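Each chain, written out:
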Amino acid sequence: MRLSLVPIFSWLVIIIVLLAALAVAAGQLGWLQGTSPTDLGVRDGRLKPPSTTENSVTSQAAFYPDHPQRDYADIAPLAVKGNGPATLARIKTIVEGMNGAKVVKSDPDYLYAQFTTRFMKFVDDVEFWFDPAKSVIQVRSASRVGRKDFGVNRKRIEAVRAVLAATP
């Protein structure tokens, strides 16, 4: 008796297509958004610590030397151009022009935005804070769900940094 691999392969393809369709449907229904954090903002001169998994970056990683993802999460703060409020206003304009971005809170010294992916509707929370003591913009960008972000949060902050540096 000879076993044909064609029916097995066909079933595998069908199963993979169905799983992909279910994942996209779950995203479209908002089941992959996660819950909105209630502990964002600045407390005692600090943004929220990085996630315990590889799905966030923060310019304040040095505050957490024993954190399991400190090295992964570490990213440089953004340079101030002019003054803090003016720089945050520029960053707000940059963020508003990015795909999937929604500014949730905008103050002269703090900006909070959410980024939602197009198909799966994953949400990342991004904060920018003018640190007057260091005269820099501290940043934090973190995925709500999942254990890895595949570098998305770092790329997002670096994209903001590049556009900010290129603006007069």
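In this report, we go over the structure that sits alongside the text. (Residues numbered from 1 in each chain as written. Predicted model: local features only at pLDDT ≥ 70, side-chain atom pairs only at ≥ 80, totals over all residues. Heavy atoms only, no water.)

Using the criterion set out here, one finds 1 aromatic pair in the structure. The ring centre of Y64 lies 5.6 Å from the NZ or CZ of R46, which sits over that ring. Above the face of the F115 ring, R156 is positioned so that its terminal group lies 4.3 Å from the ring centre. (Phe/Tyr/Trp six-rings, centres within 6.5 Å; stacked < 30°, edge-to-face > 60°. Lys NZ or Arg CZ within 6 Å of the ring centre and 35° of its normal.)

A word on the packing of helix α3 (residues 84-96) against helix α4 (residues 152-166). Packed helices, taken two at a time, are described by their axes: the angle between them and the distance between them. Their axes nearest at 10 Å, the elements α3 and α4 cross at an angle of 120°. By the angle between their axes, α3 is oblique relative to α4. Seen along the crossing, α3 lies across α4 with a hand that is right-handed. For the pair α3 and α4, the contacting residues are T87, R90, I91, I94 and V95 in the first and V160, V163 and L164 in the second. Considering only residue class, the contact of α3 with α4 consists of 6 nonpolar, 1 polar and 1 charged. (Axes fitted to C-alpha atoms, helices over the stretch in contact; angles between N-to-C directions. Helix = DSSP H or I, 4+ residues; strand = E, 2+ residues; numbered from the N terminus. Parallel < 35°, antiparallel > 145°, perpendicular 65-115°, else oblique. Left-handed = near helix turned anticlockwise from the far one by under 90°. Contact = heavy atoms within 4.5 Å. Nonpolar A, V, L, I, M, F, W, Y, C, P; charged D, E, K, R; others polar.)

Once that is clear, we can look at the layout of surface pockets. Unfilled space is identified by rolling a water-sized probe across the atoms. Taken as a whole, the largest pocket encloses approximately 320 Å³ of empty space. Every residue lining the largest pocket is counted, 17 residues in all, and those nearest its centre are T117, F122, D124, S143 and V152. Looking at the lining of the largest pocket, the elements with two or more residues in it are β4 (110-116) and α4. In this structure, the second largest pocket encloses a volume near 200 Å³. Lining the second largest pocket we find 17 residues, and of these K48, S51, R140, S143 and R144 sit closest to its centre. Looking at which element gives the most residues to the lining of the second largest pocket, the answer is strand β6 (residues 136-143), with 3 residues. (1 Å grid on protein atoms, 1.4 Å probe; cavity = no way out; pocket = protein on both sides within 12 Å on 5 of 7 lines; lining within 4 Å. Points joined across faces, edges and corners; volume = space filled by probe spheres on them.)

A cluster of nonpolar residues, W11, I14, I15, L18, L19 and L22, forms a patch on the protein surface that exposes about 660 Å² of accessible area. Tracing the backbone shows L22 in helix α1 (residues 5-28). (Patch = residues over 30% accessible without salt bridge, like charges linked within 9 Å, V, L, I, M, F, W, Y side chains within 5 Å. Areas by Shrake-Rupley, 256 points an atom, 1.4 Å probe, with all protein chains shown as cover. Salt bridge = Lys/Arg side-chain N within 4 Å of Asp/Glu carboxyl O.)

We now examine the side chain of S143. If you trace the backbone, S143 turns up in strand β6. Aside from chain neighbours lying at most four places away, what touches S143 is N55, V123, D124, D149 and N153.

Nothing here speaks to function; it is geometry throughout.
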